[in-house]
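What follows is each chain in one-letter form.
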Amino acid sequence: MTASKATATQAGTPAVSGYRSLSMPMRYLINAVLVVIFLVVGELMIDGGVVSRYQTGVIEQIGIYIILAVSLNIATGYLGQLPLGHAGFMSVGGYSCAIFIMRMMDTMGVTARDFATGTPAAAGLFVLGIIFGGFCAAICGLIIGVPALRLKGDYLAIITLGFAEIIRVVMQNIDGVLGFTLTGGAKGLTGIPGYTNFLNTFIVVVISLFLIHTMMKSRHGRAILSIRDNEIAAESCGVSTTYYKTLAFVASAFFAGVAGGLYAGCIGVMAPAKFGFMKSIEILVMVVLGGMGSMLGSVISATVLTILPEVLRAVSDYRMVVYAVVLILVMIFRPEGLLGDYDFSTSRLIERIINHGKRPEDFVPVAAAAVEGAASDAKAAAPTATTGGQTETPGKESGKEAHTHE
Amino acid sequence: MTFLTQVLNGLQLGSIYALVALGYTMVYGIILLLNFAHGDIIMVGAYISWIVMSQLGLSPALAIVLSIVGCAGLGVLIDKVAYQPLREAPRMSLLITAIGVSYFLENGAQLVFGADAKVVPEYFDLPNLSVGGVGLSANAIITIVVTAVSTVLLTILVQKTKLGKAMRAVSEDMGAARLMGINVNNTISFTFAVGSALAGIGAVLYSMAYSQATPTMGIMLGTKAFVAAVLGGIGSIPGAVIGGLLVGFAEVFVSAIGLSVWQDAVVFLLLIIVLVVRPTGILGRPMTEKV
Amino acid sequence: MNTNISRRNFVKSGAVAVAGLGLAACGGNSGSGSSSSSSDTIKVGLMGPYTGDVAQYGLACRYGAELYVKQVNDKGGINGKQVELDTQDEKGDATEAVNVYNKLVEDGVVGIIGDVTSTPTIAVAQASVKDNMPCVTPSATAADVISYGKNYFRACITDPYQGKLMADFAADQGYKTVGVIYNQGGDYEQGVADAFTEEAGKKGITVSDSEGYPAGATDFNSQLTNIIATKPDAIFSPNYYQDDGKIVTQARKLGYAGVFMGADGWSNIVGGDEEYASAEDLEGCYYDCSFVAENEDEKVQDFIKAYKDEYNDTPSNFCALGYDATMILLNAIETVEKDGKATYGSDDYKQAVVDAIASGTANGVTGDISYSGTGDPVKSTLIITFKGGAQEVFKTIEGK
């Protein structure tokens, strides 16, 4: 009994009789195993030379863009705003992480070779660097968020765009102000050691997605979603909108900074001019096409849009124009993007399999009896159970409602 | 002496921003859309001038007319194709579509014309004037005069004509305007035409002053003009002019004291300060939100 | 609402699966995985920005390079083998440049001509050290490029060298005060300006005012007003031709009638598709460059004729540099091939090519190019002036 009650509140699968559901520990175990399998397979393929250096580079970039798209999704899909300065956070994160690692290499006794061979000191420095990068970006997110989040819609878009431009100008010119070389100025930061590889990119991506997922599943995440759906209603229900908007914004900036740190180690140079409006738009396109509010959508579109230019080298001239046209068409004909705010779940899929293709709503709901314990209340509770079962529709509806609010 | 020259520089730059800001503010005032593509319409206008004068060898007067008409036409086309289907859609979709249009114009131009700058020939051979030993460019004077005249004409259009009345009605309440028998879509298209024509004039003035056309010239110009429009109070015509001049002076001032690398940052900082202190801008009206 | 938010891990594995499929497609496209080129062609990589903001420079280098390869192949190739160019577009982006580099290595090239602009070239230089891939960049002028390994060379003179050269020239011309205006957002412009200022100080020239402007600026009136007010003998503007054109035109409108000096970024200010400043405005100005179409040297004129026959256009400085960079690399490959000691494509082969470049001399159309221990070339430079609406060579300065 308690097991089914627990399932009802935790996983959203309602307690119904005859429906075999997975317990939470089981779900985590399955997912963890899948992750480990992919990690091991990937690492073997790379070490064995099946996957070339070129392809490994592209995979790392896919990982970076996945984090960027999902982190932007926090602020656009989940919070319902349109910040246009995401590339600025990426730039701050990249610079801080790279500068940190480069400066601390001597102190910690790590050489560039160590990153390739993977000594513990190198791994430790990498972790510190990435966190430092994310942290710096988060601070910027806080500074930007406080004034920006007072505004709505278009104003927020322009102000975040402005902030990203300010970041760019600062990165280009701060050396003159400081008197010593920090960021390398306009030509950029060069000579960054290649501390990014498949293994640590994969792990960082998994951890980031895990953190974002659990945040959104928690009370905090629900508060953020409620702000998207109807800010004034949320405020009147006691949700501190300023706090949660800032939280979402800062989280979005943090992960963008992490991605920036990975980017610096993958490419080896950081040039401020490349992190302007255009880059922010590229990431926005990924989020919009994948579906704002859908993590899976962001992941898929980030992957596809990173691989596509490589595959379509022959027609790369037209790539940008095609992106623009696709963006316009998607907005006119399918504004919710590829997947809307639908999200995938392994556990739901497995449950569907073990229940021979039947979904929870195909069963007689007994949650009513279990939860209330009284026959008279069963009728009142039954709608609750059924609404709990139709998890997709409320999601879609609230998604639609969000669009009409501004 | 240098101070006077700098003031004139500021007036010239500010006038161009003011003209572009006028176009922005008109479109925003009526359909609450930040038309990202506005700056790129200017870019198209500059290229039209280049084609007409440099490639086809026709007269400068024709180039001016075609640029302005071309821009107006482009603005209406964009509205019909990209924005009209989204009249009832949420603002975010509209904003993203505007970004898409802007992207399309920039990359399309790069594809067609190449990334290298094209030189727009001088429209007229203007003498360089000199007042008390200070070099005065005739360009600057023409820019300031044209902007002033355009502002006056625009104000007359909006306040005194029937079409202007329709524009004001639609911007106040689209539904009510429709009930009053105003053809909302046509009014909006007309607003786009006027706003884009102003952008076309801006393109001509810009080409007179800086004589080069590149595919990405519209981005910064458009963004700063938007800053100007917001500064002055979006939806307000005199506000746009004041905002434009402010931004122009800020840039020139920052350059003059030797910090020109920070000029973009200063302009955006100005925007941020204004938005935080007085979100509706200098001359804007506060908007209340109904729950 | 709970199940609307993903189970991130399956999502992740899904993505990796999709990635794997996609990469299988890429992998298929990129050809064989190791340098297993047949021994009757010599495969050389050519990379540059052919789309994007700086495409004009990449394309110019490319046409020059392709012309040279065509000429070599028409004469029978190297050691009987035809030269095959593997051309890749890096879209003006450092990330793409690294991807393209990895791709070229996979395709089995024995040398690379590229990259074109400084920042992507630095990224490629960093990546190329571990392969010891012999690379010659036609035009990347940042100092760092050759500092990562002994395998990177350039065909062009560096920023510091040009700045110094122009300062010495200014001293020779007798200018006592000079104003400087430069793009603070560009490493090239900043590098030349800094070197100029330093050398000017040593030669007793006063830099009366130094004004910077941000990248992308179009209005230089405020900076020029400040400079002109100090009444300099000359103004040094070491920027790219689009900016220089505007600077000169705006300065003339503000009443400045004196001399302008520039660096090789001025090349193409006239003579190409567009005239970025008028002939009267440019009268009497000077800039340094290794190539100008009005150079009456026979080799240069032959090159111009061949280029015109092939592409129906006058070549620019970048075309000439692309041509020479290819010459440098292919000359070295020819030396190694004739020597016959190393097997094609092996590590010894690449090292031998690197050594051959370092010790060889290429008689290029931008001068005779040789190396004295670093990747920076020793070559002569021209000082070019504008007279009566045309450019002409004013002076030739030998390299040291």
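A look at the overall build of chain C
Working step 1: When helices and strands are tallied, chain C shows 12 helices and 15 strands.
Working step 2: A compact globule built from 400 residues would reach a C-alpha radius of gyration of about 21 Å, and chain C, at 23 Å, matches this within 12%.
Working step 3: Counting only C-alpha atoms and orienting by the principal axes, one finds that chain C spans roughly 70 × 65 × 40 Å.
Working step 4: In chain C, which comprises 400 residues, the proportion classed as buried is 64%.
Working step 5: For chain C, contacts bridging at least 24 residues in sequence account for 70% of all contacts bridging at least 6.
Working step 6: Only carbon and sulfur atoms are counted for the fraction: they give 48% of the accessible area of chain C, which is about 13,500 Å².
Working step 7: Once the 31 positive and 56 negative side-chain charges of chain C are each reduced to a mean point, those two points are 4 Å apart.

Digging into the domain arrangement of chain A
All names here are of chain A.
Working step 1: Annotation of chain A at the domain level lists domain 1 (1–50) and domain 2 (52–277).
Working step 2: For domain 1 and domain 2, the distance between their C-alpha centroids amounts to 29 Å.
Working step 3: Residue-level contacts link nine residues of domain 1 with 10 residues of domain 2.
Working step 4: Between domain 1 and domain 2 the total buried area reaches about 760 Å² when both faces are included, carbon and sulfur atoms providing 74% of it.
Working step 5: Between domain 1 and domain 2 we count zero salt bridges in total.

Quick look at the nonpolar core
Working step 1: Ranked by size, the top nonpolar core spans 216 residues in total, and within it Leu 84 and Tyr 195 of chain A together with Tyr 83 of chain B carry the most contacts.
Working step 2: Those residues in contact with Leu 84 of chain A that sit more than four places away from it in its chain are Ala 157, Thr 160, Leu 161, Phe 277, Ser 280, Ile 281 and Leu 284 of chain A together with Phe 36 and Ile 99 of chain B.
Working step 3: The next biggest cluster of nonpolar side chains, apart from the first, holds 78 residues, and it includes Trp 266, Phe 291, Ala 306 and Ile 384 of chain C.

Some points on the sheet that holds strand E3 (residues 112–113) of chain C
Two strands in a sheet stick together by hydrogen bonds in their backbones, pointing the same way (parallel) or opposite ways (antiparallel).
All names here are of chain C.
Working step 1: Spatial strand order, E2-E1-E3-E4-E5: five strands in an open sheet with parallel pairing. Edge positions in the sheet fall to strand E2 (82–89) and strand E5 (152–154), since each has one partner strand and no second.
Working step 2: Here strand E1 (residues 41–48) pairs with E2 via eight bridges, running parallel. Looking at E2, one finds that Ile 42 is bridged to Val 83.
Working step 3: Across the sheet, helix H2 (residues 55–74) is in contact with E1 and E2; its angle to E2 comes to roughly 165°.

A short note on the packing of helix H4 (residues 86–107) of chain A against helix H7 (residues 153–178) of chain A
Residue and element names in this part refer to chain A.
Working step 1: Put simply, H4 and H7 touch, their axes get as near as 8 Å, and they point 30° apart. It follows that H4 is roughly parallel to H7 by the angle criterion. Contacts between H4 and H7 involve Gly 88, Ser 91, Val 92 and Tyr 95 from the former and Ala 164, Ile 167 and Met 171 from the latter.
Working step 2: Here the residues of the contact of H4 with H7 are counted per class, giving five nonpolar, two polar and no charged.

A few points about unusual backbone geometry
Excluding glycine, residues mostly have negative phi values, and the peptide bonds linking residues are mostly trans.
Residue and element names in this part refer to chain C.
Working step 1: In the segment running from Gly 114 into Asp 115, the intervening peptide bond is cis, with an omega of -5°.
Working step 2: One can find Asp 115 in the loop between E3 and helix H4 (118–128).
Working step 3: A positive phi angle is found at Lys 91, which is not glycine, with a value near 60°.
Working step 4: Following the sequence through the fold, Lys 91 ends up in the loop between E2 and helix H3 (94–107).
Working step 5: Residue Lys 91 is classed as buried on the basis of its relative accessible area, which comes to 13%.
Working step 6: Its identity is not glycine, yet Asn 312 carries a phi of approximately 60°, on the positive side.

Considerations on the pattern of salt bridges
Working step 1: The final tally for this structure, using the stated rule, is 22 salt bridges over all chains.
Working step 2: With a closest N to O distance of 3.4 Å, Arg 87 of chain B and Asp 79 of chain B form a salt bridge. Of the two residues examined, Arg 87 of chain B and Asp 79 of chain B, each falls in the buried class.
Working step 3: A salt bridge links Asp 264 of chain B to Lys 224 of chain B, with the nearest nitrogen and oxygen atoms 2.8 Å apart. One end of the pair, Asp 264 of chain B, is in helix H11 (residues 263–277); the other, Lys 224 of chain B, is in helix H9 (residues 217–232), with 40 residues separating them in the sequence. The burial state of Asp 264 of chain B is the same as that of Lys 224 of chain B; both residues are buried.
Working step 4: Three or more residues joined by partner-sharing salt bridges are found here, namely Glu 165 and Arg 168 of chain A together with Lys 224, Glu 251 and Asp 264 of chain B.

Concerning the side chain of Ser 15 of chain B
Working step 1: Relative to the elements of secondary structure, Ser 15 of chain B occurs in helix H1 (residues 2–31).
Working step 2: When neighbours within four sequence positions are excluded, Ser 15 of chain B is seen to be in contact with Thr 143, Ile 144, Thr 147 and Leu 245 of chain B.

Criteria and thresholds
- Per chain, residues are indexed from 1 in the order of the written sequence.
- In the order they appear in the text, chains get letters beginning with A and ligands get numbers beginning with 1.
- At least 70 in pLDDT is required for a residue's local features to be given in this predicted model, at least 80 for side-chain atom pairs to be given and counted, and no such filter applies to totals for whole chains, interfaces and linings, which use all residues.
- For side-chain calculations, the full set of non-hydrogen atoms in the structure is used, while hydrogens and water are omitted.
- Strands here mean DSSP runs of E at least two residues long; helices mean DSSP runs of H or I at least four residues long; both are numbered from the N terminus.
- Both definitions apply: the radius of gyration is a C-alpha atom measure, and the globule rule equals 2.2 Å times residues to the power 0.38.
- Only protein chains enter the accessibility calculation, which uses a 1.4 Å probe. A residue is then buried if its area is under 20% of the maximum for its type, exposed if over 50%, and partly exposed in between.
- When checking whether two residues touch, look at their non-hydrogen atoms; a contact exists if any pair is within 4.5 Å.
- Under the convention used here, a 1.4 Å probe and the Shrake-Rupley method define accessible areas, while residue burial counts only the protein chains that appear.
- For the purpose of counting charges, residues Lys and Arg are taken to be positive, whereas Asp and Glu are taken to be negative. His and the chain ends are not included.
- Charged groups are reduced to one reference atom each: NZ for lysine, CZ for arginine, CG for aspartic acid, CD for glutamic acid.
- Each domain's extent is set by a domain assignment, obtained either automatically or from a database.
- When two parts are put together, the accessible area they lose, computed with a 1.4 Å probe and summed over both, is reported as buried area.
- Take a side-chain nitrogen of Lys or Arg and a carboxyl oxygen of Asp or Glu: if they are within 4 Å of each other, that pair is a salt bridge.
- In this description, a nonpolar core means a group of buried Ala, Val, Leu, Ile, Met, Phe, Trp, Tyr and Cys residues linked to one another through side-chain atoms lying within 4.5 Å.
- Should DSSP find at least two bridges between two strands, the strands are regarded as paired.
- Angular values range over 0 to 180 degrees, each being the angle between N-to-C directions of two axes fitted as lines to C-alpha atoms, with helices fitted over their stretch in contact.
- Geometric relationships in this document are graded by angle, where less than 35 degrees denotes roughly parallel, more than 145 denotes roughly antiparallel, 65 to 115 denotes roughly perpendicular, and other angles denote oblique.
- Residues were grouped as follows: Ala, Val, Leu, Ile, Met, Phe, Trp, Tyr, Cys and Pro as nonpolar; Asp, Glu, Lys and Arg as charged; and all remaining residues, including Gly, as polar.

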